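Listed below are the residues making up each chain.
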Amino acid sequence: MFKSPNSLWILMRKYYTGQSPKNNLYSQISPLGNPNLSMVPVLDQWVQEGSKVREFELRRIIRDLRSRKRYSHALEISEWMSRKGLCPFSPGDRAVQLDLIGRVRGLKSAESYFHALNEQEKIDKTYGALLNCYVREGLVDKSISHMQKMEEMGFASSTLNYNDLMCLYMRTNQLEKIPDVLSFMKKNGIPPDIFSYRICLNSYGARSDLDNMEKLLKEMETQSHIPMDWTTYSTVANLYIKAGLKEKALISLKKLEEKLCKDSLGYNHLISHLASLGNKNEVRRVWGVQKVACKKQVNRDYITMLGSLVKLGELEEAKALLKEWESSCHSYDFRVPNVLLIGYCQKGLIEKAEELLFDIIEKGKTPIPNSWAIIAAAYLEKQNIEKTFECMKNALAVKGENPGWRPKPLLVLSVLNWLRDQGEVEVEAFVSSLKTVVEIDTEMYQSLIEASVVGKKK
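Now for a quick tour of the structure.

The rules behind each value
- Residues numbered from 1 in each chain as written.
- Predicted model: local features only at pLDDT ≥ 70, side-chain atom pairs only at ≥ 80, totals over all residues.
- Heavy atoms only, no water.
- Helix = DSSP H or I, 4+ residues; strand = E, 2+ residues; numbered from the N terminus.
- Buried < 20%, exposed > 50% of the residue type's maximum accessible area, 1.4 Å probe, protein only.
- Areas by Shrake-Rupley, 256 points an atom, 1.4 Å probe, with all protein chains shown as cover.
- Salt bridge = Lys/Arg side-chain N within 4 Å of Asp/Glu carboxyl O.
- Core = buried A, V, L, I, M, F, W, Y, C linked by side-chain atoms within 4.5 Å.
- Contact = heavy atoms within 4.5 Å.
- 1 Å grid on protein atoms, 1.4 Å probe; cavity = no way out; pocket = protein on both sides within 12 Å on 5 of 7 lines; lining within 4 Å.
- Points joined across faces, edges and corners; volume = space filled by probe spheres on them.
- Nonpolar A, V, L, I, M, F, W, Y, C, P; charged D, E, K, R; others polar.
- Polar contact = N/O pair within 3.5 Å; in protein donor to acceptor, adjacent residues only side chain to side chain.
- Expected span 1.5 Å × (residues − 1).
- Phe/Tyr/Trp six-rings, centres within 6.5 Å; stacked < 30°, edge-to-face > 60°.
- Lys NZ or Arg CZ within 6 Å of the ring centre and 35° of its normal.

A closer look at the overall build of the chain
- When helices and strands are tallied, the chain shows 26 helices and zero strands.
- Looking at the chain as a whole, 46% of its 458 residues qualify as buried.
- Summed over its atoms, the accessible surface of the chain is roughly 24000 Å², and 50% of this surface lies on carbon and sulfur atoms.

Here it is in structure tokens:
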């Protein structure tokens, strides 16, 4: 009998490990990252085997999937939970489901779901979830109208709702309205949280209103309930760097470092800011501190440090760091060497970039198409279309390594026009391969036809 992909996965896991999956639902669902795999067979099998379904565990799984942006899977579990009736489904669960419907199926579906709820289920959380859908779509009028209705019903007492409103104004470039929302919250007993303040800080920075930004920062530092974490000082430092205020940026970065406690992401931000300020010695010092404090460095850490060395022009040091990463990495992530490829290309050292990529290939690694596209773009900038074409062919040959890769339209058009003019014999194979990764627009379609005609004549 044919088995579903989910059943096959469970069987294979038993076969290869010699044991059944751990005795909890999360351990069976969490590894199923493929969005095309349904969660329902796993859930149904769990029940058929007589295992208990606990609402707190399902909620934890949904929360985890949402945090990892696996919205389709989270919605499947939420709908299974409400449909089966094996455990309570609260109005709060309805609010989460509404938000997921908006993300997966769109705003109209979310609105239809909301209007179909009974009055007992239309609580502050479900109204807030619909507001979040409007904000996510950037719908100012609908968001404000909905917020006014929430205020009339006494449902607009959550800090989250006003944070949503400030995010809306940020997204729609109505920056001057954000401090007014913060003032309204304070006057009406709605306590701003760290995110409220941070949104307002960013709005001042975006308007180059550093005086009010500094006043707000001082206010935050006097609020005992506001945790002054490294993220806030990173935000402020970034705004100072953009404004060219190096000394003030360094003061903020010192405060940032004081807030770090084995947080590798915080070290990444600190290193990146210091590189933007051109402070090579501090970049090296902080990298050393991070390696001691965090014990283990992941790919993201190396990507940040490599990017910082490239920004500082220290390409030889970056190459040495890449070798250090290669000696310790468990799986070869091409996003790491791509940083150095970009660095070489930005300096006009295209041949060196190509040499690096060939060296990696000789070690038995298969690059992702993005790696070849980086070099192709550099050759295009030098008007060497023949080499651009070669790199694009190489990129298309490994497109399976990154199914989501799409070449830039300018690259595609430039190569197609060159093929048309040169009358290259390889054009038909190239065009056929290209169609598998490119959405064809009118200009590209015309170039494809012309290039194909030339290729057939040859």
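Re the pattern of salt bridges
- Scanning all chains against the criterion turns up 26 salt bridges.
- Between Asp 64 and Arg 68 there is a salt bridge, and its shortest N-O distance comes to 2.7 Å.
- Accessibility expressed as a relative area gives 37% for Arg 68, which makes it partly exposed.
- Linked by salt bridges that have partners in common, Arg 66, Asp 99, Arg 103 and Arg 136 make up one network.

Some remarks on the nonpolar core
- Among the nonpolar cores identified, the biggest contains 138 residues, and Ile 29, Leu 58, Ile 77 and Phe 430 are the most heavily contacted of them.
- In terms of residue count, the dominant contributor to this core is helix 22 (residues 369-381) (eight residues).
- The contact partners of Leu 58, leaving out residues within four places of it in the chain, are Leu 25, Leu 43, Val 53, Ile 77, Trp 80, Met 81 and Cys 87.

So, the layout of surface pockets
- Size it by volume and the largest pocket reaches roughly 560 Å³.
- Considering the residues around the largest pocket, the lining is formed by 21 residues, among which Arg 66, Gly 128, Asn 132, Leu 160 and Asp 164 are closest to the centre.
- Looking at the lining of the largest pocket, the elements with two or more residues in it are helix 6 (91-105), helix 8 (124-136), helix 10 (159-171) and helix 12 (194-206).
- Split into classes, the residues belonging to the lining of the largest pocket amount to nine nonpolar, five polar and seven charged.
- Ala 373, Ile 374, Ala 377, Ala 378 and Lys 408 are, among the 20 residues lining the second largest pocket, the residues nearest its centre.
- Those elements giving two or more residues to the lining of the second largest pocket turn out to be helix 20 (335-346), helix 22 and helix 24 (409-422).
- Counting residues per element, the lining of the second largest pocket draws most heavily on helix 22, which supplies seven residues.

Regarding the side chain of Gln 97
- Summarising the element assignment, Gln 97 is placed in helix 6.
- A polar contact of 2.8 Å, which involves the side chain of Gln 97, links it to the side chain of Ser 78.
- Ignoring any residue separated from it by four or fewer positions in sequence, one finds Gln 97 in contact with Leu 75, Ser 78, Glu 79, Ser 82, Phe 89 and Tyr 113.

Regarding helix 5 (residues 71-84)
- Helix length check: helix 5 (14 residues) gives 20 Å between terminal C-alpha atoms against 20 Å at 1.5 Å per residue, within 8%.
- Those residues of helix 5 that fall on the buried side of the exposure criterion are Tyr 71, His 73, Ala 74, Leu 75, Ile 77, Ser 78, Glu 79, Trp 80 and Met 81.
- Taken together, the buried residues of helix 5 touch helix 2 (25-29), helix 3 (40-48), helix 4 (55-67) and helix 6.
- Two residues or fewer after helix 5 comes Gly 85, characterised by a positive phi angle close to 65°.

As for the packing of aromatic side chains
- Taken as a whole, this structure holds eight aromatic pairs when the rule is applied.
- Relative to Trp 418, the ring of Phe 389 lies with its centre 5.7 Å away and its plane at 45°, an arrangement referred to as tilted. In this pair, Phe 389 is assigned in helix 23 (residues 385-397) and Trp 418 in helix 24, connecting sequence segments 29 residues apart.
- Ring-pair connections join several aromatic residues into one group, and the members of that group are Phe 114, Tyr 127 and Phe 155.
- The ring of Phe 114 is capped by Lys 122, whose NZ or CZ atom sits 5.0 Å from the centre of that ring.

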